[in-house]
Amino acid sequence: MGTNTTESFDLIIIGSGSGNSLVTPYWDDRRVAIVDAGIFGGTCLNVGCIPTKMFAYPASLAAVPAESGRLGVDLELRSTDWAGIRDRIFSRVDAISAGGFRYRDQELDHTTVITEESRFTGIHQLTTASGRVLESETIVVAAGSRPVRPDVPGIDLPQVHTSDSIMRLPKLPETLVVLGGGFIAAEFAAVYSGLGSSVVQVNRSSQLLRTHDETVSERFTELASRQWRLETGWTLSRIEEAESGWVSVHLEGPERATMVIDAEAVLVAQGRTPNTDRLDPAAAGLDVHGDGRLVVDEYQRLLSGGAPVPGLWALGDISSEHQLKHVANHDQRIVAHNLEHPDDLRANTLGPIPSAVFTRPQIGSAGLTEAQAVAEYGRERISVKVQEYGDVAYGWAMEDATGLCKLIADRQSGQLIGAHLIGHEAPNLIQLLVQAMSFGVDAHTLARGQYWIHPALSEVVENALLGLEVPDSGLV
Ligand SMILES: Cc1cc2nc3c(=O)[nH]c(=O)nc-3n(C[C@H](O)[C@H](O)[C@H](O)COP(=O)(O)OP(=O)(O)OC[C@H]3O[C@@H](n4cnc5c(N)ncnc54)[C@H](O)[C@@H]3O)c2cc1C
Ligand SMILES: NC(=O)c1ccc[n+]([C@@H]2O[C@H](COP(=O)([O-])OP(=O)(O)OC[C@H]3O[C@@H](n4cnc5c(N)ncnc54)[C@H](O)[C@@H]3O)[C@@H](O)[C@H]2O)c1
């Protein structure tokens, strides 16, 4: 296609991650373009949630023998098949991506996929890298985020990876340096150490998962240091090629201390930045937050000078404070509804937003941390209960000495305002607390208004609820 050709659509979506699900039956008789310069299906499917969890599960199995001895079960891990696991995962994921592309681009008459970088060249106009001009009264920006790469010498060496490439390594690295202490670092340190790499995690601050509740962050930092080498208080200064294809990772610490770690591969996991800069938002006059996110209102409308721009919307990582797939998907449902019902707009008000870290042990969180609750409510107004997994029957069965459930409630109303679990099945156990918080069930009613299966691990939640100092519901 040459330059100056203008193509008109009823809807243009930038980004085929959660954006792809916007194409509801409402659009059957309308022309829709999905623009994506990357792999069809976006981050979660191709390089995010899905493949990481498909690695995390076998890695958690590989870690079982080290745990089972204390229960009298003598297991031995003979080997892990990196190439087999990798190929199983990506043969599945790649096929879904290719099938999704084919469906949208070839099988449906009303949709087309444009596999090019594009940017705004007007309020309702985009121009692609090759010069195609695309126009629509309705444009949804679902352009996601990308990994941040620190600007240090050696960062572009082929041994240095982000989450985009680390899962496709030709072989399991003997030694992996993981830079960062957030979600991605925690998950990949557990995956690679579980599968047999010697992992060194390097973090700037002394605590891992610092945005989590402090009790969980402390517990995880301690447990991580028992499972792989953890170096805290260090920042990256440069990376150099070393002998036999390895690299030397140069670090700086307090009082001008230095350290060098040799590694076969390096994973940079120091956050993700919204892809806003790739879109030239100024060309459409769009408002941008200081951290690079596009500004949206409660209906997911993009703003210019604080006012909604007719026909422009955003969803997911490009505009959300929460870089989570379930958040992007909910944003998408809000936008889909609002596109179809301009006279009955829905606001994006669902809460609280939970998250899980699929590391070892797993973590589930929702609502405020204790520090946030104190800041928002005052120390006197909140009740906090920490219940160890080892205090309940299933915890005894597991001989669990590390899992915990921490709940934070409003002493006056009895409403839960924060829930944090670290331990076996935490991402599943947190959901019943999310449910109570979402539907306004107070802590005592939640504890006493239902049967709790004995002796399931969910009793850790029941006991934590009963340990809170909150108003009695009157239920027995
Ligand atoms: C390693 C990893 C693990 C994760 N695990 C989880 C998890 O377990 N649970 C969870 O909830 N979340 C997880 N996430 C986060 C989750 O993947 C994201 O929040 C979610 O995928 C964001 O979806 P999105 O639709 O906003 O953007 P994306 O899926 O990133 O889609 C954006 C698309 O836009 C395209 N694009 C961007 N700019 C342009 C442009 N200018 N022109 C053309 N195309 C463009 C990109 O190529 C991309 O395909 C994980 C993320 C990572 C990286
Ligand atoms: N299970 C999940 O839901 C899941 C899994 C992976 C990723 N994600 C999403 O993707 C996002 C990105 O993940 P992430 O781990 O890259 O980011 P993160 O925000 O979770 O953690 C970033 C880490 O990098 C450190 N850091 C930032 N700048 C630094 C610097 N200049 N020098 C040294 N350290 C620095 C931070 O202190 C932090 O430890 C997450 O916030 C999360 O929303 C979710």
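Because the structure is predicted, anything quoted here is derived from the model rather than measured.

## As for the site of ligand 1
Next up, step 1: Taken together, the neighbourhood of ligand 1 is formed by 38 residues, with Gly 17, Gly 38, Gly 42, Gly 144 and Gly 316 sitting nearest.
Next up, step 2: Contributing elements (two or more residues each) for the shell around ligand 1: helix H1 (42-47), helix H2 (49-62), strand E5 (118-122) and helix H7 (325-340).
Next up, step 3: The element that contributes the greatest number of residues to the shell around ligand 1 is H1, accounting for four residues.

## Observations regarding the site of ligand 2
Next up, step 1: The full set close to ligand 2 counts 22 residues, and Gly 181, Gly 182, Phe 183, Ile 184 and Gln 323 are the nearest of them.
Next up, step 2: When residues of the shell around ligand 2 are traced back to their parent elements, those giving at least two are helix H5 (183-195) and strand E21 (355-357).
Next up, step 3: Looking at the shell around ligand 2 element by element, the count peaks at four residues for H5.
Next up, step 4: Tallied by class, the residues present in the shell around ligand 2 amount to nine nonpolar, 10 polar and three charged.

## Notes on the UniProt feature "domain: FAD/NAD(P)-binding" (unreviewed entry) in the protein
Next up, step 1: Mapped onto this numbering, the UniProt entry gives "domain: FAD/NAD(P)-binding" (unreviewed entry) at residues 9-328.
Next up, step 2: The span residues 9-328 is 26% helical and 27% strand by assignment, and the distance between its end C-alpha atoms comes to 24 Å.

## Side note on the environment of Gly 38
Next up, step 1: Looking at the element boundaries, Gly 38 is found in the loop between strand E3 (32-35) and H1.
Next up, step 2: Residue classification places Gly 38 among the partly exposed residues on the basis of 19 C-beta atoms within 10 Å.
Next up, step 3: In the structure, Gly 38 is positioned 79 residues away from Glu 117 in sequence and 8.2 Å away in space, judged by C-alpha atoms.

## Looking at unusual backbone geometry
Next up, step 1: In this chain, Arg 360 is followed by Pro 361 through a cis amide linkage whose omega measures -5°.
Next up, step 2: One can find Pro 361 in the loop between E21 and strand E22 (363-367).
Next up, step 3: A cis geometry characterises the amide bond from His 454 onward to Pro 455, with omega recorded as -5°.
Next up, step 4: Inspection of the secondary structure assignment puts Pro 455 in the loop between helix H11 (443-448) and helix H12 (459-466).
Next up, step 5: Non-glycine residue Glu 255 carries a positive phi angle of around 50°.
Next up, step 6: Note on placement: Glu 255 falls in the loop between strand E15 (247-252) and strand E16 (258-263).

## Focus on the UniProt feature "binding site: FAD" (unreviewed entry) in the protein
Next up, step 1: Here, the residues flagged by UniProt with the feature "binding site: FAD" (unreviewed entry) are Lys 53 and Asp 317.
Next up, step 2: Along the polypeptide, Lys 53 turns up in helix H2.
Next up, step 3: The exposure class assigned to Lys 53 is partly exposed, which follows from the 15 C-beta atoms found within 10 Å.
Next up, step 4: Residue position: Asp 317 is located in the loop between strand E20 (307-314) and H7.
Next up, step 5: Using a count of 31 C-beta atoms within 10 Å as the deciding quantity, one classes Asp 317 as buried.
Next up, step 6: Those residues in contact with Asp 317 that sit more than four places away from it in its chain are Gly 144, Ser 145, Pro 274, Gln 323 and Ala 328.

## Some points on the domain arrangement of the protein
Next up, step 1: When its domains are assigned, the protein resolves into domain 1 (6-44 + 84-144 + 275-340), domain 2 (148-270) and domain 3 (361-467).
Next up, step 2: Placing the centre of domain 1 and that of domain 2 at their C-alpha centroids yields a distance of 32 Å.

## Quick word on the environment of Pro 58
Next up, step 1: Mapped onto the secondary structure, Pro 58 falls in helix H2.
Next up, step 2: Measuring from C-alpha to C-alpha, the distance between Pro 58 and Thr 80 comes to 8.8 Å, with 22 residues separating the pair along the chain.

Rules used in this analysis
- Residues numbered from 1 in each chain as written.
- Chains lettered and ligands numbered in written order.
- Predicted model: local features only at pLDDT ≥ 70, side-chain atom pairs only at ≥ 80, totals over all residues.
- Near = placed C-beta within 6 Å.
- Helix = DSSP H or I, 4+ residues; strand = E, 2+ residues; numbered from the N terminus.
- Nonpolar A, V, L, I, M, F, W, Y, C, P; charged D, E, K, R; others polar.
- UniProt positions renumbered as here; feature names shortened; annotations may be inferred.
- Buried ≥ 20, exposed ≤ 12 C-beta atoms within 10 Å, placed from the backbone.
- Contact = placed C-beta atoms within 7 Å.
- Domains from an automatic or database assignment.

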